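Chain by chain, the residues:
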Amino acid sequence: MIVKIKQSLKDAEHRHTAINAFLALIIRVLGAGMAFVFNIVIARQLGAEQSGYFFLGLALTMLLSGIARLGFDNTVLRFTSAGAEHGYTVKAILNFALKYVLPVAFIFTVITYAFAPWLAEIVFNKPELTDTLKLIAPAIIGLSIVFLVAMSLQARHKLVASIPCQNIAHLMLCGAAVVVFSAKSASDAALYLSLSLGVTSCFFYWLSIKNLNNTGVKPDPQQLWHSARPNWVIIIMSQAVQWSAPIIIGVFLIAEQVAFFSVAQRIAMLTSFILMAVNLVVAPKFSAFHAKGDDVGVRKTALFSVRLLVLSALPIVLFMLVFPDFLMSLFGNEFKQGAVILQILVLGQAVNVVTGSVGFLLMMSGHERDMRLVTLISGFGVLISVPIFTKLFGAVGAAAGTAFFISLQNLLAVYFVKKRLGFNTLIFWQKI
């Protein structure tokens, strides 16, 4: 494996991928570390019950923000990345997406705020959740902005700004506020998160456009919508796979179980931060290669990135599988109850890593509809199975259903990459 990587590094394009992936990985490590510390701060400061309310509100806002973005995440990434080939103006692409996303996000915010008492009492049977839902509702707008701005920055290879925009800045501000002002309730933390996202979304939007102008070709709106529509289904179902389980647990179980699952989920997702770091580099490359018709470049970059992933992620996966009690105890001794949940979720994330950047491969090469089918299968699978498994087996059942369909989603994407692009990312040792 190491010999193959050394041979691959003789290629200039692979060296560029490796160097940028390493840079992205360093920043991602900082981001993952910040998210990890943030979750520890929330869990230890608020306790299992109140942190459960907070994580439940956060899962709901993440899901609604994903819907509000109308599928423009990957559309902004794809068209901005291909801008050099087609002469598109970057600013116009970002502003076009925000013009439609912000009104939808605002409507979701108003609805969440207005119906917070009904959601808390009738849907979740947790009246204490009302204030948390009201105060975290504005985060839907902030999350929608930072995700789109981060995609635009990522497409322009501005990784030093893209990762903090999406994963670091608002968590750092919110975590600091929770500690400095000694937050004691989920509603306090929800307020600080909404305010933090307001500050960071404004700052990074200004940063992303300050040196841009409108010179260049404005992309055809029909092309943008043609890409966004299937992407919208992909985003909704991907968000459903990721965030529906805490919400479903919140409906059927007590707040502490939401906290145990949410903490285990966030630890497990650390296994995929290497994949996210590599995606930051290779996704724009896939789009650029596809725009030039360079299928060989797409294949070589994809297989090389999987080798990097397998080599770097395996030790993290093994550590999490062997020491789940230790990791969960960092959030408080009561969180040790979620050790089995963590092990199950890690296995699902491990499959996510070893399959490589198959989702971005399909979406950046114009095969959004294949990815849409994949996410529909996995999304509906989670929405059907997790409620059943949760009622039968509790949070452990929710973890099993989630892990299975995360694995299935990526394996189906591998199948479509083989069908459409002619190579199998699971056979990463094949000659590049």
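Residues numbered from 1 in each chain as written. Predicted model: local features only at pLDDT ≥ 70, side-chain atom pairs only at ≥ 80, totals over all residues. Heavy atoms only, no water.

Tallying secondary structure elements over the chain gives 19 helices and 0 strands in all. Buried positions account for 59% of the 432 residues belonging to the chain. Contacts spanning at least 24 positions in sequence make up 83% of the contacts within the chain whose residues lie at least 6 apart. (Helix = DSSP H or I, 4+ residues; strand = E, 2+ residues; numbered from the N terminus. Buried < 20%, exposed > 50% of the residue type's maximum accessible area, 1.4 Å probe, protein only. Contact = heavy atoms within 4.5 Å.)

Tracing the backbone shows Glu49 in helix H2 (residues 12-68). Accessibility expressed as a relative area gives 36% for Glu49, which makes it partly exposed. For the pair formed by Glu49 and Ser185, sequence separation is 136 residues and the distance between their alpha carbons is 9.4 Å. Setting aside anything within four residues of it in sequence, one finds Glu49 in contact with Ala255 and Glu256.

The subject of this paragraph is the packing of helix H3 (residues 72-81) against helix H8 (residues 139-155). Two numbers describe how H3 lies on H8: the axes approach to 8 Å, and their chain directions differ by 25 degrees. By the angle class used here, H3 and H8 are roughly parallel. Relative to H8, H3 is oriented so that their crossing is right-handed. In this structure, H3 uses Phe72, Asp73, Val76, Leu77, Thr80 and Ser81 to contact H8, whose residues at the interface are Phe147, Leu148, Met151, Ser152, Gln154 and Ala155. Broken down by class, the residue content of the contact of H3 with H8 amounts to 7 nonpolar, 4 polar and 1 charged. (Axes fitted to C-alpha atoms, helices over the stretch in contact; angles between N-to-C directions. Parallel < 35°, antiparallel > 145°, perpendicular 65-115°, else oblique. Left-handed = near helix turned anticlockwise from the far one by under 90°. Nonpolar A, V, L, I, M, F, W, Y, C, P; charged D, E, K, R; others polar.)

Tracing the chain through its elements places Asp131 in helix H7 (residues 130-136). Take Asp131: its relative accessible area is 45%, and that puts it in the partly exposed class. Separated by 54 residues in the primary sequence, Asp131 and Ser185 place their C-alpha atoms 9.9 Å from one another.

On to helix H18 (residues 368-393), then. Taking 1.5 Å as the rise per residue, H18 with 26 residues should run 38 Å; its terminal C-alpha atoms sit 35 Å apart, in good agreement. Of all bends in H18, the biggest is about 30 degrees, found at Ser385, and the proline Pro387 comes one to four residues later. Once H18 ends, the next one or two residues include Gly394, with phi positive near 75 degrees. (Expected span 1.5 Å × (residues − 1). Bend = angle between axes of the 7 residues up to and from the residue.)

The next thing to look at is the side chain of Thr390. Here Thr390 lies in helix H18. One polar contact links the side chain of Thr390 to the main-chain carbonyl oxygen of Val386, over a distance of 2.6 Å. (Polar contact = N/O pair within 3.5 Å; in protein donor to acceptor, adjacent residues only side chain to side chain.)

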